[in-house]
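The lines below spell out each chain.
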Amino acid sequence: MKRHYFIGAILLTLLGIAIYVNSTTTDRKEAAPVEGFLAPHFSLATLEGKKIHLPDQNGQPIVLNFWTSWCRPCQAEAPALEKLHQQYQGKVLIVGVNLTAQDTVDNVKKFQQQHRLHYPLLLDPNNEVGHLYEANAIPSTYLIDKNGVIVEKIKGAIDPVSLENKIQPLLIKE
Amino acid sequence: MSFSPFLNQSLLFMILVLLISYYLLKSKLKTQTDLPETLPDLLLNAFITGVLVWKLTPLLSQPELLWTKPLDLLFLQPSGVYIGIAALASALYLIIGLKRKRTAYLCLLDTLIVGITLVFLLQSLFFWEYGKETQLPWGISLADPAIRYHPIHYYQFLVALIGSIWFGWKGRAVIGSGEAFAFLSMLWGFGLFIISFFAQPTVIYFGLDLTQIGATLLIILGYLCSSFLRKTAS
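By convention here, each chain's residues receive numbers from 1 onward along its written sequence. The naming scheme follows written order: chains are lettered A onward, ligands numbered 1 onward. At least 70 in pLDDT is required for a residue's local features to be given in this predicted model, at least 80 for side-chain atom pairs to be given and counted, and no such filter applies to totals for whole chains, interfaces and linings, which use all residues.

**Focus: the overall build of chain B**
For step 1, the next point in the chain: Scanning chain B from terminus to terminus reveals ten helices and seven strands.
For step 2, the next point in the chain: Expressed along its principal axes, the backbone C-alpha trace of chain B runs to roughly 60 × 60 × 35 Å.
For step 3, the next point in the chain: Put simply, a residue is buried when 20 or more other C-beta atoms lie within 10 Å of its own C-beta and exposed when 12 or fewer do; between those, it is partly exposed, and each C-beta is set from the backbone. Counting all 234 residues of chain B, 36% fall into the buried class. For the purposes of this entry, the term helix denotes a DSSP run of H or I that reaches at least four residues, the term strand denotes a run of E that reaches at least two, and both are numbered from the N terminus.

Structure (structure tokens):
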């Protein structure tokens, strides 16, 4: 019986400390392509030539997807990203960064038309942003919260329901 | 880390756990005769069932994939609730296969937790995890050497090391008694809970992050197993 109370008391103490510690979490200062760190800043041009700077500070969570047109899992994932773009337009920014050093602009255009993509597709001709984000696996997706912090790095293609379940907490999170 | 479109870090972790557990079960069968001979194969089949269910779960939300793009099922990596469904399928397969044979359950639980401990020992050396900022001398830095962070993977390594030393000291004879599951669950539960204070919490439910919720469950499971073993022994 004594053992029962002892373990219960330790567990309750740990739970109490955890609730207190979690309420006083400090923010990261460094930018790195690692979960829990600030997302590195970059500027790239879209397929239409418009320059975009990310992550911007307009308070929108970002889904940053690194892809190429020849990658089979990217083809499987693209319709899900478009569906989420349509569903969460104005609430979540979905951006595709094409690793153009391993692709061609023509193929990117074909890919966009084939999958009827409306979310911004950025071109990374020198693989600078791919390198900055250490996007070695294709596709790689980064979920960035409203404060510009990387919440999760997903390697490989994720299915739409799982991705939506990961996006929803980002809309609530302060 | 992703090794191919089909194999991610978690899956590789589970395959290694499965291999160690399979080997431990095979060696246990040589000395303990009251265990079902099919136990290692049952574990292997349960794992395959889980992986198949996991890979097919996207059909629940997009059944059209089956006749439009069946190959996409190979590439998509479902997570969250889909992993839960796959785990449930594996567990159901084992429950049906074991037919309430208590010693077999204890043997499986013991081998799985020992497998997890041994794989963690290896994994925590290769996959770095940065915790909260610290001024402690063993803190690790990322880009700026002036900013140091708690090395969460080394703390996990220490817990895995304690668990491995305990298993080495007790020997393989402990497998099948339930003692390994009771002890190692509590060790991992308390260990991960304490480590979580130095980690950067990500998703928070009811004031707790996912590691803390998982650690609490492990402590409860370990405690229940230990109480059950005490009762049956007395």
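Right, picking up where we left off after that structure.
**Comments concerning the interface of chain A and chain B**
For step 1, the next point in the chain: In this assembly, 31 residues from chain A lie in contact with 36 residues from chain B.
For step 2, the next point in the chain: Counting residues per element, the ones that place at least two in the side of chain A that touches chain B are helix 1 (2-23), helix 2 (72-87), strand 7 (150-155) and helix 5 (160-172) of chain A.
For step 3, the next point in the chain: The element best represented in the side of chain A that touches chain B is helix 1 of chain A, accounting for nine residues.
For step 4, the next point in the chain: Of the residues assigned to the side of chain A that touches chain B, the class counts are 18 nonpolar, eight polar and five charged. Any pair of residues counts as being in contact when their C-beta atoms, constructed from backbone geometry, are within 7 Å of one another. Residue type decides the class: Asp, Glu, Lys and Arg count as charged, Ala, Val, Leu, Ile, Met, Phe, Trp, Tyr, Cys and Pro as nonpolar, and the leftover types, Gly among them, as polar.

**Some words on the sheet that holds strand 4 (residues 140-141) of chain B**
Backbone-to-backbone hydrogen bonds join strands into a sheet, with any given pair of strands oriented parallel or antiparallel.
All names here are of chain B.
For step 1, the next point in the chain: Taken in spatial order, the three strands line up as 3-5-4 in an open sheet, and their pairing is antiparallel. Either end of the sheet is taken by a strand with one partner, and the two such strands are strand 3 (130-133) and strand 4.
For step 2, the next point in the chain: Of the strand pairs in this sheet, strand 4 and strand 5 (residues 148-151) are connected by two bridges, and their pairing is antiparallel. The residue of strand 5 that forms the bridge with S141 is R148.
For step 3, the next point in the chain: Where helices are involved, their axes are fitted lines through C-alpha atoms of the stretch in contact, as for all axes, and angles between N-to-C directions lie from 0 to 180°. Running over the sheet, helix 8 (residues 152-170) touches strand 3 and strand 5 and is turned about 20 degrees from strand 5. Think of it this way: DSSP has to see at least two bridges between two strands before they count as a pair.

**Considerations on the confidence of the model for chain B**
When pLDDT is low, close inspection of the predicted coordinates is not appropriate.
Residues and elements named next belong to chain B.
For step 1, the next point in the chain: Within a predicted model, pLDDT stands for the predictor's per-residue confidence, ranging from 0 to 100. Predicted confidence across chain B gives a mean pLDDT of 86, with 95% of residues reaching 70 or more.
For step 2, the next point in the chain: This stretch, residues 1-5, has a pLDDT under 50; its non-local contacts, to residues over four places away or in other chains, come to eleven contacts.
For step 3, the next point in the chain: Confidence metrics for the complex model read pTM 0.81 and ipTM 0.75.

**Some thoughts on the environment of T117(B)**
All names here are of chain B.
For step 1, the next point in the chain: Secondary-structure assignment places T117 in helix 7 (residues 102-126).
For step 2, the next point in the chain: For the pair formed by T117 and L42, sequence separation is 75 residues and the distance between their alpha carbons is 21 Å.
For step 3, the next point in the chain: Sequence-distant contacts of T117, defined by excluding residues within four places in its chain, comprise A160, G163, S164, F167 and L184.

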